Protein chains: 2
Amino acid sequence: MKNITLEQAAEFLWEHDRYLILMHKSPDGDAVGSGYALCMALRSIGKKADTLCGDPIPGIYGYFTELVPNEGFEPEFIISVDLASSSLLSGKASEYRDSVDLCIDHHCSNTGYAKYGYVDGKVSSCAEIIKYLLDEMKIEINKDIANAVFTGICTDTGCFKYSSVSPDTHRTAADLLEKGADSGYICYMMFDNKSKSKISLEKMVLDTLEFYCEDRIAFVAVTAEMLQKSGAQECDLDGIPSIPRQIEGVKIGITMKEKPGGEYRFSVRASEDVDASEICGHFGGGGHRAAAGCSIHKPMEAAKSEMLAVCRKILGDNV
Amino acid sequence: MKNITLEQAAEFLWEHDRYLILMHKSPDGDAVGSGYALCMALRSIGKKADTLCGDPIPGIYGYFTELVPNEGFEPEFIISVDLASSSLLSGKASEYRDSVDLCIDHHCSNTGYAKYGYVDGKVSSCAEIIKYLLDEMKIEINKDIANAVFTGICTDTGCFKYSSVSPDTHRTAADLLEKGADSGYICYMMFDNKSKSKISLEKMVLDTLEFYCEDRIAFVAVTAEMLQKSGAQECDLDGIPSIPRQIEGVKIGITMKEKPGGEYRFSVRASEDVDASEICGHFGGGGHRAAAGCSIHKPMEAAKSEMLAVCRKILGDNV
């Protein structure tokens with residue numbers, strides 16, 4: 001991948017046309033917000049652009065303006081946003097795994113799968129980068145674009161909580177509010193709006209809480225049975241992985257989720273002196289230092305104890 | 001109370017000396033942050049200043065620089081911060097109920113108890129006003145002051161979540177980060193750091209969850225027994241009142257807390273089309289539109305049903 005500057009990325013987008021913007025599987029607010037914002041912005045300057053995600057866009061983003069697909073659209077250039085690795089493309093989007101022209105991302109762990117890349121691992125969210133890109137392109141940010149970018153930033157920063165938030169992140173948010181972003185509503189939808197099923201799931205999850213390694217590791221589990229009993233949906237799992245990490249003194253918070261087909265998905269959250277992506281890297285996963293994920297295809301107790309063993313080792317080495 | 005401009009408040013503080021800064025009972029991040037920031041700033045320009053709160057400052061603010069009291073201090077001017085009513089002064093601070101010279105506040109419901117007042121109900125937090133005041137006074141904001149102001153803003157905005165957050169709130173936060181505010185650490189301490197006792201209390205609170213008025217009212221209770229069983233402290237109650245309001249479709253979230261002496265303290269959180277301060281006003285309490293509180297001196301079931309009756313009436317009238 002050839003790393004280019006923000007100016008070059010802006011030039012690239014101004015020069016060409018017919019863009020397909022790819023978003024990763026299980027899309028979160030940063031993927032959807034970045035993809036939608038870029039697509040709307042490109043359309044606003046007369047370019048043809050569409051977004052593509054292999055998984056359905058969660059209903060929680062229903063306040064986004066609907067992007068009506070271009071009829072009979074034949075993309076010429078493939079762009080990815082917030083996509084650390086092309087292996088995170090699913091469904092129809094995975095057909096473009098080896099043909100991404102331009103990657104715009106904020107993951108340090110970006111694997112460099114694209115022809116050109118603008119990757120800045122110091123920026124809070126891909127959406128924040130999209131805002132800088134649109135400013136560089138001198139594209140007018142309307143209310144819809146502002147809402148999409150704001151959604152991305154607030155999702156990936158836990159609503160401006162994480163240490164990845166810089167003065168520029170807050171200044172970007174200030175601009176977006178002035179462009180009409182409904183920040184109060186978006187934050188409410190993202191962080192303060194729980195279904196009854198989610199509340200019920202949270203209670204069950206708290207009942208599974210266990211501590212290891214002198215309380216430096218906290219562990220919770222989400223089983224298929226709990227999902228069924230609570231009536232919780234996939235999107236109700238948002239925020240669950242931060243529960244174990246929030247407990248005083250905990251350095252590693254582990255959430256183990258039962259998936260169909262005997263697979264266990266782990267979400268790992270770490271304190272500043274521990275690298276969650278290193279832990280998940282042991283199992284072929286990845287992510288950021290503070291938050292990462294991986295899957296283990298083993299029976300539950302084996303998957304859990306392998307994960308705990310790696311965490312214990314990391315704590316022994318580093319703390 | 002004579003309402004003065006920010007410029008006049010700045011002049012007042014530059015002109016005089018020997019300030020005692022009062023904070024309300026059960027001090028929260030905005031009270032402590034505003035009081036400490038103003039005290040440190042006044043000291044930095046050579047004024048004598050102390051803070052006074054009738055209740056202990058919660059240990060969670062332990063990262064604040066300790067304000068060593070002036071020896072044999074005789075205050076000449078009394079200032080209040082974040083104090084909607086002088087009835088919210090407790091202990092030794094209540095001796096100054098009728099002698100506040102300057103009140104700096106952001107509560108619309110401010111009762112005008114002081115000689116002079118600068119009250120702006122549109123600003124997110126009192127701490128945000130303190131920042132504008134210090135800028136107006138051209139006082140250099142150091143890291144300690146930045147941490148105190150940031151604590152106040154993030155506490156009163158639910159970490160930039162509420163609709164009271166303006167573009168200027170984010171710009172103020174950007175400035176504070178540049179002055180060295182440890183935003184990641186502060187947000188973690190305020191929002192993501194729960195004691196084991198708090199987690200245990202939250203589980204118990206969720207078990208009391210009840211719905212009324214076609215699920216538009218959600219109710220939880222915190223009893224003395226729950227506090228004792230979980231080992232939770234007073235500060236572990238922070239955030240509990242937002243639990244019932246967070247549930248999808250809920251317009252009024254009520255948290256009822258048992259206090260010593262047969263008193264029940266209610267925290268009311270409301271959606272945008274309901275006024276929580278109106279509800280609490282029925283019982284002699286007050287606060288903001290989105291969040292208010294009051295006490296009812298009745299047996300538990302009577303207190304609860306009186307509160308529910310008022311909420312039902314408000315929903316019938318307004319929704």
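What counts and what doesn't
- Residues numbered from 1 in each chain as written.
- Chains lettered and ligands numbered in written order.
- Predicted model: local features only at pLDDT ≥ 70, side-chain atom pairs only at ≥ 80, totals over all residues.
- Heavy atoms only, no water.
- Pairing = 2+ DSSP bridges.
- Helix = DSSP H or I, 4+ residues; strand = E, 2+ residues; numbered from the N terminus.
- Salt bridge = Lys/Arg side-chain N within 4 Å of Asp/Glu carboxyl O.
- Buried < 20%, exposed > 50% of the residue type's maximum accessible area, 1.4 Å probe, protein only.
- Core = buried A, V, L, I, M, F, W, Y, C linked by side-chain atoms within 4.5 Å.
- Contact = heavy atoms within 4.5 Å.
- Domains from an automatic or database assignment.
- Axes fitted to C-alpha atoms, helices over the stretch in contact; angles between N-to-C directions.
- Expected span 1.5 Å × (residues − 1).
- Polar contact = N/O pair within 3.5 Å; in protein donor to acceptor, adjacent residues only side chain to side chain.

Peer 1: When you look at the sheet that holds strand β11 (residues 286–287) of chain A in this model, what are you seeing that I'm missing?
Peer 2: Two modes of strand pairing occur in sheets, parallel and antiparallel, and in both the strands are linked by backbone hydrogen bonds. All names here are of chain A. Within the open sheet, the six strands sit side by side as β7-β8-β9-β10-β12-β11. Their pairing is mixed. Where the open sheet ends on each side, the last strands, each with one partner, are β7 (210–212) and β11. Bridge count between strand β8 (residues 217–222) and strand β9 (residues 252–259): six bridges; the pairing is parallel. Of the residues in β9, the one forming a bridge with Val220 is Thr255.

Peer 1: Sorry if this is basic, but what is going on with the pattern of salt bridges here?
Peer 2: Note on pairing: side chains with opposite charge can pair once their charged atoms come close. Under the defined criterion, the tally for this structure stands at 42 salt bridges over all chains. When the shortest N-O distance is used, the salt bridge between B:Glu306 and B:Lys298 registers 2.6 Å. Overall, the relative accessible area of 29% leaves B:Glu306 in the partly exposed class. A single salt-bridge network, built from bridges that share partners, covers A:Lys131, A:Asp135, A:Asp175, A:Glu178, B:Asp168 and B:Arg171.

Peer 1: Looking at this structure, how should I read the nonpolar core?
Peer 2: For soluble globular proteins, the rule of thumb is that nonpolar side chains tend to be buried together. Within the largest apolar cluster, 114 residues are counted, with the highest numbers of intra-cluster contacts made by A:Leu13, A:Leu38, A:Phe150, B:Leu13, B:Leu38 and B:Phe150. Not counting the four nearest positions on each side in its chain, B:Leu38 is found in contact with B:Leu13, B:Ile21, B:Ile79, B:Val81, B:Ile104, B:Ile130, B:Leu133 and B:Leu134.

Peer 1: What am I meant to see in the pairing of strand β6 (residues 116–119) of chain B here?
Peer 2: All names here are of chain B. Pairing between strand β1 (residues 2–3) and β6: two bridges, direction parallel. Across the sheet, residue Asn3 finds its bridge partner in β6, namely Gly117. In terms of strand pairing, strand β5 (residues 102–105) meets β6 through four bridges, oriented parallel. What sits directly across from Cys103, in β6, is Gly117.

Peer 1: Mind showing me how you'd approach the domain arrangement of chain A here?
Peer 2: Interfaces are frequently sized by the accessible area removed from exposure as the parts join. We note that the domain assignment places domain 1 (2–191) and domain 2 (196–318) within chain A. Placing the centre of domain 1 of chain A and that of domain 2 of chain A at their C-alpha centroids yields a distance of 27 Å.

Peer 1: I tried to follow the sheet that holds strand β3 (residues 49–53) of chain B on my own but got confused; where do I start?
Peer 2: Residue and element names in this part refer to chain B. Read across the open sheet, the six strands follow the order β1-β6-β5-β4-β2-β3; overall the sheet is parallel. The sheet is open, and its two borders are formed by β1 and β3, each paired with just one other strand. Its contacts with the sheet put helix α1 (residues 6–15) on β2 (19–23), β4 (77–81), β5 and β6, and the angle it makes with β2 is roughly 130°. Across the face of the sheet, helix α3 (residues 126–136) comes into contact with β4, β5 and β6 while running at roughly 115° to β5.

Peer 1: Before we go on, may I ask you to explain helix α4 (residues 143–156) of chain B in this structure?
Peer 2: Each turn of an α-helix holds 3.6 residues, which means side chains three or four residues apart point in the same direction. Its 14 residues place the ends of α4(B) 20 Å apart at the C-alpha level, agreeing with the 20 Å of an ideal helix rising 1.5 Å per residue. The element α4(B) is largely enclosed, with a buried count of eleven among its 14 residues. Residues B:Ile145, B:Ala146, B:Asn147, B:Ala148, B:Val149, B:Phe150, B:Thr151, B:Gly152, B:Ile153, B:Cys154 and B:Asp156 constitute the buried set of α4(B). Residues of α4(B) that are buried sit in contact with α5 (167–178) of chain A together with α2 (29–44), α3, α5 (167–178) and α6 (183–191) of chain B. The opening residue of α4(B) is B:Asn142, an N-cap whose side-chain oxygen sits 3.1 Å from the backbone nitrogen of B:Asp144. A positive phi of about 60° marks B:Gly158, the residue just after α4(B).

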